[in-house]
Amino acid sequence: MTRLSRGTRPMFTSKMAAECQRVDRSSHSMDKSITLPADEIFRNLENAKRFAIDIGGSLTKLAYYSTVQHKVAKVRSFDHTAKETEGEPLYEISMQEEVTARLHFIKFENAYIETCLDFIKDHLVNTETKVIKATGGGAHKFKDLIEKKLKLRVDKEDEMTCLIKGCNFVLRNIPHEAFVYVKHADSEFRFQNTHPDIFPYLLINIGSGVSIVKVESEDKFERVGGSSIGGGTFWGLGALLTKTKRFDELLQLASKGQHTSVDMLVKDIYGGSYGSLGLTGDLIASSFGKSATADNEFSKEDMAKSLLHMISNDIGQLACLYARLHNLTRVYFGGFFIRGHPVTMHTITYSINFFTKGEVQALFLRHEGYLGTIGAFLKGAEEDNPNQYSWGENYAGSSGLMSVSPDLNPMQRTRSGTFPFDMLEMDRLERQLVNLPLLQDPSSYIPDTVDLSEDALAREYWLYCFEEALDGVVKRAVASQPDLPEAAERAEKFRHKYRHKLQTLRQQPFAYGSLTVRSLLDTREHCLNEFNFPDPYSKIKQRENDIALKYFQKAIKSLEELSWEQRQFALVRGLLAGNVFDWGAKAVSDVLESDPEFGFEQAKRQLEERPWLVDAYDQWLERLKGPPHKCALFFVDNSGIDIILGVFPFIRELLCRGTEVVLASNSSPALNDVTNSELQILTQRIAAMDLVIQSAVKEDRLTLVQSGSSSPCLDLSRLDKELAGVVRERHTDLVVIEGMGRAIHTNYYAMLSCESLKMAVIKNSWLADRLGGKLFSVVFKYEVPPSHKTTTQDHVPGTPS
Amino acid sequence: MEQLNGHQGENESLDTEDEDEAVQPPLKQSRSKNDICNNFRVDSCGKTEATSTTTGGGSVIDERRTSNSTCRQRLDSLRKNRPPFPWFGMDIGGTLVKLVYFEPKDITAEEEQEEVENLKSIRRYLTSNTAYGKTGIRDVHLELKDLTLCGRTGNLHFIRFPTQDLPAFLQMARNKHFSSLHTTLCATGGGAYKFESDFRQMADLQLLKLDELDCLISGVLYIDSAVSSPSECYYYENPTDPEHCVQKPFTLENPYPLLLVNIGSGVSILAVYSKNNYKRVTGTSLGGGTFLGLCCLLTGCSSFEEALQMASQGESTRVDKLVRDIYGGDYERFGLPGWAVASSFGNMMCKEKRESISKEDLARATLVSITNNIGSITRMVALNENIERVVFVGNFLRVNTLSMKLLSYAMDYWSHGQLKALFLRHEGYFGAVGALLELLNPS
């Protein structure tokens, strides 16, 4: 597969340097009372284009598109035909600049709008931009100010259209966008798997009033109803009743109140429950019913609480009636009434549960506050076809759910004098991502094996583990760029950022969706990239690949001397032993760094003897006695010994059996995982030594594809579209997933519609403990989907005979 | 199952030309006097009929004939079995107690002599006054004259007082030695359960507790059939045109299925498929109690009448945020007219506007939002249940033309004329009537 060619640019131009100076000067002229954290907010303004703004009642959400320059590690093969000298590396690694597209979304209070516009004006370089798309009730009010400050024409877009466009965008591109709120659970946020088909759904937008919109496709939606009793009613009526002016203060009052002193409950009328109708005594019969008869004074808190219940229940009831009428079960709630407020999320959830008897769940969105501005932006960017791409949330540049967001704790913030803001950054992915066509049920597929947000013990362990490993990562990052003197400084910034993320996640495990080992790893990759450490393992991978290649022919030769049955076992053992070489796992990197002699043979000895922890080898062997597979898709793991001495001999055997092989590797670096570009060079080299591989490459029976991922884990619902195409074309009937990240942390329970092998060595003693094994325990899972009738069905996988 | 309703039966008998002469006169006579026992006889027979009513009209008439003659025979026996006076039906709600009292006007001299003094005194007290204590009121305009119940002719009186004054009522019952009359007091509403022990301890009275929705439905069906002039049921013609919006009588023929929306302190919405077949579909806590409760807090008023009076003088558009306040006019993209309320009390988010409105405006806005919300939920339930006829009852609608017109408008406008809002003159008393009926004809 060809790599997408990317433009390269020098890192700094003199123009940009001049810009930097201008930044410093202009920051002095700003309002003295607040300082914009210039290196955190409005990033990449120098490359910004296509602005959009959504101005609500109290918050402004700004969106822009920018290009980001990143260093990437490129590998380039030397010309080996001329000479092959001992000690010369296999390929060269170079750092290059790569330009990627990013969407920036920033949320701040309307009070700061002028300061922010000034800041943008001072930093904006791109003069092609003529228009700013605007939506939201406040867009009109600030139109003149925006036009004057930015010299951009304000182009107003319909609010609801923007909202829906934004909603479709986040649902499609952010895996854990939607969640169910459960107040008293260990983890209040239960993130939902995004159904591959996001339509149809109902969006209940609770702004000052309520709009109920049925969305049937990207362009087809209809406002099916609404209600005038909404956030404005809570706020307006609440302000009258309690003399409290601010919306969030009203919510705070409500959270402290007791509605039972104001509301007339069923038990106030019946003395108990209304049994024959199943109405419990605590049910509200009449909101504010007691304030009509009792003469006593009511506390602000109690009235606010009663009002909150009244409005939430009413909206919930209407939502259910509309959901039932239109036969919809996916109901998303948004609008300023909901936005990040646990109090209202709870009351709405309660109401929906009550009225649908649990049949419909209230769903909320992590980036709900940004929908309008995302939609407005997309309207303005239609010529760039943003919906043709896949986008990914950048964990390094996004604040995460319930960050020190401007929605919350305004009092506390105002006093601190800092500029509060919330950010979301989305990176345009080079590849369009789709489901693996071989997933048995894409709608129920969950990549991650353990949800750390729901498992406090596991969460503690892994957060600790990642924190412990941080020193080593920083060290390796610096070592990977020996020629760049400021690498140490950048590495410290990385350390600070990632440590801060870990601390955030300790407090708010729900910040970026479900907390998983995968998300922790991905966040680390994003942070490394942020500080231009695209590939800290590049040198190590290079060295390892070199060493392993030298042993390749010897390894093949010794395998060929074995009998068929012995060979099959040796191949699997080799693959597992190869997988022990994994710099990502701390236990292994310790051994490797202290004992460089630790070799392949030694790794084999480290392996657990059969029966393994999970052992379906006998079934696999039986299967191999049958007809060959048509095509095997192999998700590879590490560079070096793993790929060269483990994977290649294994797939070589498959090729000899007449099975086509597709090797799927990461598109961009993650830990010591072999990348697609490295694998291309390795394959070339191996083909030069080995006729089987050579002819397979020539005859297109061995294909290399990129996974579309840059994670040490694997999300089978977000894979390169091209990979999906190849899988389909070649009638793939075997999927092999290798390694802890891809087969244990993720996909351990993934159900595929064809045969699959999941192989890994447990290189983490805590995890081994959890799984009932010990360090270097082996998982060899061979699964046949229930629909397949094969001869191996009489064996139960996992129970060695 | 239509013949379960007396009203319906009357029409059918008129249509039946070949009906036996011997049967018809007494039937007509009793019907014209609205004899409840006759109706009830049909009902009790109707239970057996109900299973076989799918047959053609002829066989129904045959059975009817039989049941009518049986009814006549039973009148005599019932005369002996009917409960002793006084006849009361009571509905103790969250805010109001509703009491219906049957005053016999056909008392013979013989009876008069036998009548105990207590009974006489109660009758005189209730019928000679229109107000009782500080808060008890008899709705004289609702009184039904010359009604025949269980063979007795008399007037049906409608009395109400706040639930919080129930202790005073019990004290009075005790003073008047009500318990010495050995009457059964049929009571419904939540208070029948809540105050049962108070009745026993304070007034030595044993309550017969009845389900409020059963009572509500039997009360509605009975009153609608028993009252011919002025028509019990009415609607507003031209609800979308304020100039020509007028009250018009409505005949509740073939009433089923109907949506019965009872707006008391809270709201219950029932889908009624026949007299004995109904379900409570849903309800809302935003009801009459909410209107009054919020009005009391917002305006300092102290009674429903006062709140309504203020509302009639206010302007809700100063309090509410309308579609045109946001979009400058209609929101055409979604077919929302500019005058529609986008956010109830939405203007009150703004400090300046909070300071510029009157108490009357607030009362009006409260009334409008509660009423429209009930309308909105009702309309959705009607759509989900596939019912086109909606009858609104409950004391929230008492002297509340504003709300009734709003409901009529909302039903008509948002359903594009599909839904009709109907109202009943005895709006809040049906539960109490149902309780009284239960006394006379225990099921």
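Every chain's residues receive numbers from 1 upward, in the order its sequence appears when written. Going through the entries in the order they are written, you letter the chains from A and number the ligands from 1. Local features in a predicted model are, by the rule used here, given only for residues with pLDDT of at least 70; side-chain atom pairs are given and counted only at 80 or more, and totals for whole chains, interfaces and linings are based on all residues. The side-chain quantities take in all heavy atoms of the structure and omit both hydrogens and water.

Threshold: UniProt positions are given in the numbering used here, feature names are shortened, and annotations may be inferred rather than shown by experiment.
The name recorded for chain B in an unreviewed UniProt entry is pantothenate kinase, from Esox lucius. In the Catalytic activity (unreviewed entry) part of its UniProt record, chain B is described as follows: "(R)-pantothenate + ATP = (R)-4'-phosphopantothenate + ADP + H(+)". Regarding chain B, the relevant UniProt record gives this comment under Subcellular location (unreviewed entry): "Cytoplasm".

As recorded in an unreviewed UniProt entry, chain A goes by 4'-phosphopantetheine phosphatase and comes from Esox lucius. For the record of chain A, the UniProt heading Subcellular location (unreviewed entry) holds the text "Cytoplasm". UniProt lists a comment for chain A under the heading Subunit (unreviewed entry), and it reads "Homodimer. Interacts with PKM."

**Topic: the overall build of chain B**
Quick note on the threshold: Working definition: helices are DSSP H or I runs of at least four residues, strands are E runs of at least two. Numbering for both runs from the N terminus. Accessibility here uses a 1.4 Å probe with only protein chains present; expressed as a share of the type maximum, an area under 20% marks a residue as buried, one over 50% as exposed, and anything in between as partly exposed. For this analysis, residues touch if any pair of their heavy atoms sits within 4.5 Å. To be clear on the numbers: accessible area is Shrake-Rupley with a 1.4 Å probe, and residue cover counts the displayed protein chains and nothing else.
A tally of helices and strands in chain B yields 17 helices and 17 strands. A burial count over chain B gives 57% of its 443 residues as buried. The contacts in chain B between residues at least 6 apart in sequence include a share of 67% that link residues at least 24 apart. Summed over all atoms, the accessible surface of chain B reaches about 18,400 Å², with 48% contributed by carbon and sulfur.

**Examining the packing of helix α12 (residues 456–479) of chain A against helix α14 (residues 517–530) of chain A**
Residue and element names in this part refer to chain A. Threshold: A fitted line through C-alpha atoms serves as each axis, taken over the contacting stretch for helices, and the angle formed by two N-to-C directions is quoted from 0 to 180°. Working rule for angles: under 35 degrees goes down as roughly parallel, over 145 as roughly antiparallel, 65 to 115 as roughly perpendicular, anything else as oblique. Here a crossing is called left-handed whenever its near helix is offset anticlockwise from the far helix by less than a right angle, and right-handed whenever the offset is clockwise. For this classification, the nonpolar set comprises Ala, Val, Leu, Ile, Met, Phe, Trp, Tyr, Cys and Pro, the charged set comprises Asp, Glu, Lys and Arg, and every other residue, Gly included, is treated as polar.
Contact geometry for α12 and α14: axes closest at 12 Å, N-to-C directions at 30°. Relative to α14, the element α12 is oriented roughly parallel. Judged by the sense of rotation from one axis to the other, the crossing of α12 with α14 is right-handed. Two secondary-structure elements touch here, α12 through Trp462, Leu463, Phe466, Ala469, Val473 and Ala477 and α14 through Val517, Leu520, Leu521, Arg524 and Leu528. Partitioning the contact of α12 with α14 into residue classes produces 10 nonpolar, no polar and one charged.

**Focus on the interface of chain A and chain B**
The line we're drawing: Using a 1.4 Å probe, buried area is obtained as the accessible area two parts lose upon being combined, added over both of them. Salt bridges, as used here, are contacts in which a Lys or Arg side-chain nitrogen is within 4 Å of a carboxyl oxygen on Asp or Glu. Think of a polar contact as two N or O atoms within 3.5 Å of one another; within protein, one of them needs to be a possible hydrogen donor and the other a possible acceptor, and neighboring residues in sequence only count if both atoms come from side chains.
Between chain A and chain B, the residue contacts involve 52 residues of the former and 54 residues of the latter. Of the roughly 4,300 Å² buried between chain A and chain B, counting both surfaces, carbon and sulfur atoms make up 63%. Viewed at the interface, chain B and chain A are joined by one salt bridge. Between A:Arg324 and B:Glu385 there is a salt bridge, and its shortest N-O distance comes to 3.9 Å. One can count 19 residue pairs in polar contact (both at pLDDT 80 or more) joining chain A with chain B.

**A closer look at the confidence of the model for chain A**
Residues and elements named next belong to chain A. We apply this condition: Each residue carries a pLDDT score, the predictor's own confidence in it, on a scale running from 0 to 100.
The share of residues in chain A with pLDDT of 70 or more is 87%, and the mean pLDDT across the chain is 86. Confidence drops under pLDDT 50 across residues 405–416; counting only partners more than four residues distant or on other chains, this segment forms 27 contacts. Counting interchain partners and residues more than four positions distant, the pLDDT-below-50 stretch residues 790–801 has 21 contacts.

**Topic: the domain arrangement of chain B**
Residue and element names in this part refer to chain B. Formally: Either an automatic procedure or a domain database provided the assignment from which the domain bounds are taken.
By domain assignment, chain B separates into domain 1 (82–224 + 431–440), domain 2 (230–314 + 359–425) and domain 3 (320–356). Inter-centroid distance (C-alpha atoms) of domain 2 to domain 3 is 23 Å. Between domain 2 and domain 3, the contact holds eight residues from the first and seven residues from the second. Summed over both sides, the interface of domain 2 with domain 3 buries roughly 620 Å², with 75% coming from carbon and sulfur. Elements that contribute at least two residues to the side of domain 2 that touches domain 3 include exactly α15 (359–385) and α16 (401–414). Top element by residues in the side of domain 2 that touches domain 3 is α15. It accounts for four residues. Taken together, the residues of the side of domain 2 that touches domain 3 sort by class into six nonpolar, two polar and no charged.

**Points about the pairing of strand β4 (residues 131–135) of chain A**
Residue and element names in this part refer to chain A. Applicable threshold: A pair of strands counts as paired when DSSP detects no fewer than two bridges linking them.
Counting buried positions over the five residues of β4 gives four, a clear majority of the element. Across four bridges, strand β1 (residues 49–55) lies against β4 in parallel orientation. Residue pairing for β4: Ala52 is matched across the bridge by Lys133. Note that β4 and strand β5 (residues 153–156) share four bridges and pair parallel. Pairing of Ile132 across the sheet is with Val154, part of β5.

**Structural notes on the nonpolar core**
Our working rule: As used here, the term nonpolar core means buried Ala, Val, Leu, Ile, Met, Phe, Trp, Tyr and Cys residues forming a set that is joined through side-chain atoms within 4.5 Å.
Core analysis: the biggest nonpolar cluster contains 99 residues, and A:Ile204, A:Phe234, A:Phe333, A:Phe337, A:Ile348 and B:Phe392 have the highest contact counts within it. The greatest single-element share of this core, amounting to 13 residues, is contributed by helix α8 (residues 300–325) of chain A. Structurally, this core is a two-domain feature, drawing no fewer than three residues from each of domain 2 (230–314 + 359–425) and domain 3 (320–356) of chain B. When near neighbours in sequence (up to four residues on either side) are disregarded, A:Ile348 contacts A:Ile206, A:Ser312, A:Ile315, A:Phe333, A:Phe337, A:Ile338, A:Ala362 and A:Phe364. Counting residues in hydrophobic clusters, the runner-up holds 79 residues, among them A:Ile269, B:Leu142, B:Leu149 and B:Ile159.

**Focus on the packing of aromatic side chains**
Quick note on the threshold: Aromatic rings from Phe, Tyr and Trp, with only the six-membered ring used for Trp, were paired whenever their centres fell within 6.5 Å, and each pair was classed as stacked if the ring planes differed by under 30 degrees, edge-to-face if by over 60, and tilted otherwise. Any Lys NZ or Arg CZ that is within 6 Å of a ring centre and within 35 degrees of that ring's normal is treated as a charge sitting over the ring.
Counted according to the given criterion, the structure contains 57 aromatic pairs over all chains. Considering the side-chain rings of A:Phe51 and A:Tyr64, the 5.4 Å spacing of their centres and the 35° angle between planes classify their relative orientation as tilted. With A:Phe51 in strand β1 and A:Tyr64 in strand β2 (residues 59–77), the pair connects residues that are 13 residues apart, well separated along the chain. Neither residue differs from the other here; A:Phe51 and A:Tyr64 are each classed as buried. Summarising the aromatic geometry, the rings of A:Tyr270 and B:Tyr193 are spaced 5.4 Å apart at their centres and angled 35° between planes, so their arrangement reads as tilted. With A:Tyr270 in helix α7 (residues 266–270) and B:Tyr193 in helix α8 (residues 190–194), this residue pair bridges two chains. Positioned above the aromatic ring of A:Tyr748, the side-chain terminus of A:Lys781 is 3.8 Å from the ring centre.

**As for the sheet that holds strand β9 (residues 233–237) of chain B**
Residues and elements named next belong to chain B. Spatially, β10-β9-β17-β16-β11-β12-β13 is the arrangement adopted by the seven strands of the open sheet, whose pairing is mixed. Where the open sheet ends on each side, the last strands, each with one partner, are β10 (246–249) and β13 (277–284). Looking at each pair of strands side by side, their axes are set apart by 30° on average, direction ignored. Bridge count for strand β11 (residues 258–263) against strand β16 (residues 389–393) is four bridges, and the pairing is parallel. Looking across to β16, one finds that Val261 is bridged to Phe392.

**Side note on the side chain of A:Ser306**
Residues and elements named next belong to chain A. Residue position: Ser306 is located in helix α8. The class for Ser306 is buried, based on a relative accessible area of 0%. Contacts of Ser306, omitting those with residues within four sequence positions, involve His259, Val262, Asp263 and Phe288.

**Side note on the pairing of strand β10 (residues 221–227) of chain A**
Residue and element names in this part refer to chain A. Taken across its seven residues, β10 has five buried, putting it largely inside the fold. Across six bridges, the pairing between strand β9 (residues 210–215) and β10 is antiparallel. If you follow Val213 over to β10, its bridge partner there is Arg223. The loop that links β9 with its antiparallel partner β10 comprises five residues.

**As for the sheet that holds strand β8 (residues 201–206) of chain A**
Residue and element names in this part refer to chain A. Spatially, seven strands are ordered β7-β6-β14-β13-β8-β9-β10 in an open sheet, and the strand pairing comes out mixed. Edge positions in the sheet fall to β7 (189–191) and β10, since each has one partner strand and no second. The mean inter-strand angle of the sheet, taken between neighbouring strand axes irrespective of direction, is 35°. Bridge analysis of strand β6 (residues 178–181) against β7 gives three bridges, and the strand direction is antiparallel. When the bridges of β7 are listed, Phe179 appears paired with Phe191. Taken strand by strand, helix α4 (residues 159–173) contacts β8, β9, β10, β13 (330–334) and β14 (361–365), and its axis lies near 125° from that of β8.

**Examining the pattern of salt bridges**
Tallying each qualifying case throughout the model produces 64 salt bridges over all chains. The partner of A:Arg172 in a salt bridge is A:Glu218, with the nearest N and O atoms 2.3 Å apart. Of this pair, A:Arg172 sits in helix α4 while A:Glu218 sits in the loop between β9 and β10; the two residues are 46 residues apart in sequence, bridging distant segments of the chain. B:Glu143 is paired through a salt bridge with B:Arg138; the nearest N and O atoms lie 3.3 Å apart.

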